[in-house]
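Okay, here's what each chain looks like letter by letter:
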Amino acid sequence: MDSPKLPDPVVDFHVHLFPDGFFDAIWRFFKDRLGVDVLYRLYWRECVAHLRRQSVGPIVYSNYAHRKGVAEVLNDFNLAVLGEIPDLYCFAAYHPDDDDAPAMAGRMLDHPNVLGVKLQCVVQQLSPVDSRLFPLYERIIERKKRLLLHVGTGPVRGSEHVGIAAFRKLLRRYPDLPAVIPHMGGLEFRAFMDLLGDHPALYLDTSYAFAPGTPYRFPLGREILERHKGQILYGSDFPNLIHPREDEIRSLLDLGLSPDFYRQVFRDNGLQLLGRS
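Criteria and cut-off values
- Residues numbered from 1 in each chain as written.
- Predicted model: local features only at pLDDT ≥ 70, side-chain atom pairs only at ≥ 80, totals over all residues.
- Heavy atoms only, no water.
- Helix = DSSP H or I, 4+ residues; strand = E, 2+ residues; numbered from the N terminus.
- Buried < 20%, exposed > 50% of the residue type's maximum accessible area, 1.4 Å probe, protein only.
- Contact = heavy atoms within 4.5 Å.
- Core = buried A, V, L, I, M, F, W, Y, C linked by side-chain atoms within 4.5 Å.
- Arc of directions from axis to C-beta.
- Phe/Tyr/Trp six-rings, centres within 6.5 Å; stacked < 30°, edge-to-face > 60°.
- Pairing = 2+ DSSP bridges.
- Salt bridge = Lys/Arg side-chain N within 4 Å of Asp/Glu carboxyl O.

Chemist: So what exactly am I meant to see when it comes to the environment of Ala 101 here?
Modeler: Mapped onto the fold, Ala 101 is located in helix 4 (residues 101–109). The exposure class assigned to Ala 101 is buried, which follows from its relative accessible area of 2%. C-alpha of Ala 101 to C-alpha of Ala 71: the two residues are 30 residues apart in sequence and 8.4 Å apart in space. Those residues in contact with Ala 101 that lie beyond four places of it in its chain are Tyr 94, His 95 and Pro 96.

Chemist: Mind showing me how you'd approach the nonpolar core here?
Modeler: Grouped together as the largest cluster of nonpolar side chains are 89 residues, with contacts concentrated most on Leu 17, Phe 167 and Met 184. Beyond its immediate stretch of four places on either side in the chain, Leu 17 contacts Phe 23, Trp 44, Cys 47, Val 48, Tyr 61, Ser 62, Asn 63, Phe 77, Val 81 and Leu 88. Grouped together as the second largest cluster of nonpolar side chains are 13 residues, Tyr 89, Leu 115, Leu 273 and Leu 274 included.

Chemist: Looking at this model, I keep getting lost on the environment of Leu 177. Mind explaining?
Modeler: Assignment of secondary structure puts Leu 177 in the loop between helix 7 (164–173) and strand 6 (179–181). For Leu 177 and Val 162, which are 15 residues apart along the polypeptide, the C-alpha to C-alpha distance reads 17 Å. Those residues in contact with Leu 177 that lie beyond four places of it in its chain are Tyr 137, Ile 141, Leu 147, Leu 170, Leu 171 and Ala 201.

Chemist: Help me understand helix 6 (residues 134–142) in this model?
Modeler: It helps to recall that an α-helix has 3.6 residues per turn; residues three or four apart then point in one direction. When we look at burial in helix 6, the residues that qualify are Phe 134, Leu 136, Tyr 137 and Ile 140. One side of helix 6 carries all its buried residues, which in axial view fall inside an arc of 160 degrees. Buried residues belonging to helix 6 abut helix 4, strand 4 (114–120), strand 5 (146–150) and helix 7. Backbone geometry just after helix 6 places Lys 144 at a positive phi near 60 degrees.

Chemist: Explanation requested: helix 7 in the structure shown.
Modeler: What helix 7 keeps buried is the set Ile 164, Ala 166, Phe 167, Leu 170 and Leu 171. Burial along helix 7 is one-sided: seen end-on, the buried residues are contained in an arc of 160 degrees. Turned more than 90 degrees away from the buried face of helix 7 sit Ala 165 and Arg 172, all of them exposed. Tucked into the core, helix 7 has its buried residues touching helix 6, strand 5, strand 6 and helix 8 (189–193).

Chemist: Honestly, the packing of aromatic side chains in this entry has me stumped. Any pointers?
Modeler: The description of an aromatic ring pair uses the distance of the two centres, along with the angle that the planes make with each other. Using the criterion set out here, one finds 18 aromatic pairs in the structure. Seen from their ring centres, Phe 18 and Phe 23 are 5.7 Å apart, and the 70 degrees between their planes marks the pair as edge-to-face. The pair formed by Phe 18 and Phe 23 is uniform in burial state, with each residue classed as buried. Taken together, the ring pairs in this structure connect Phe 18, Phe 22, Phe 23, Trp 27, Tyr 43 and Tyr 64 into an aromatic cluster.

Chemist: What am I meant to see in the sheet that holds strand 7 (residues 203–205) here?
Modeler: Backbone-to-backbone hydrogen bonds pair the strands of a sheet. The strands run either parallel or antiparallel. Pairing is parallel across the open sheet formed by eight strands, whose spatial order is 1-2-3-4-5-6-7-8. A strand with exactly one partner marks an edge of an open sheet, and here the two such strands are strand 1 (10–16) and strand 8 (232–233). Here strand 7 runs beside strand 8; their pairing, made up of two bridges, is parallel. Following the sheet pairing, Asp 205 is matched in strand 8 by Leu 233.

Chemist: How should I be thinking about the side chain of His 183 in this particular structure?
Modeler: Counting through the fold element by element, His 183 comes out in the loop between strand 6 and helix 8. Under the relative-accessibility criterion, His 183 is labelled buried at 6%. With residues up to four places along the chain from it excluded, the contact list for His 183 reads His 14, His 150, Gly 154, Pro 155, Phe 189, Asp 205, Ser 207, Tyr 208, Ala 209 and Asp 237.

Chemist: Sorry if this is basic, but what is going on with the pattern of salt bridges here?
Modeler: Two side chains carrying opposite charge are able to pair once their charged atoms lie near each other. Overall, the coordinates contain 12 salt bridges when judged by the stated rule. Residue Asp 130 pairs with Arg 132 through a salt bridge whose shortest N-O separation is 2.7 Å. Look at Arg 132 and you get partly exposed, because its relative accessible area is 37%. Note that Asp 254 and Arg 250 form a salt bridge whose closest N and O atoms lie 3.5 Å from each other. Through salt bridges with shared partners, one network takes in Lys 31, Asp 37 and Arg 41.

As far as function goes, none of this settles anything; it's purely spatial.
Following this line, the structure appears as structure tokens:
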């Protein structure tokens, strides 16, 4: 039997690009607060160049506003990045405490390469059912955009606002919410996977969930991955990795899943969400 192969090109649906000073602060946080070193200390243009050398075509990146007043800086950066380099797509920054948050979101969603908005519930200490976010969700649905929502309990713990209970509450209000959940919903993998059948607009991405030898590795086996391969996206979390990017790819290939799985997860599902299938 031939070894599984990746499609060419790969679509990476979970990359982080920040202005240089933000990257410096994030890398210090990993070292000082989490006690780990980021392996790829590459600034944003270097990140794109590195991924292109690794046969990544379309890159979907995000950044997030950790406090009031930051989203405007990040979104100005996002517009400049999208204007400079082709084949990049972005989830825009958003913070509900900003006075102009709804208007800023509207302007960002006008851009054809802005796929939607990123919320990082741990870093932002936001509940996904904070009523200030409801107009944002409704605008995303109306505009046929997407939400990238870090609402899982892993790989780093640190918020009372995250977890499957909070996300189920959100889906009861917005059952058709077009959301991407990073890290395969970890650490509540089974609970998030079980949502996929009833919520076709919901996707999970693979970032950090298949890193070998880690306590936050996806534990549920091959059958459930095959069953839901149409709603899984490859994402790396590059460059903020504490393991080699290639290790997680190799871990996925070593599962020996079907050629359709690798085609869909590493390319076709991403292209479909980009409107390029």
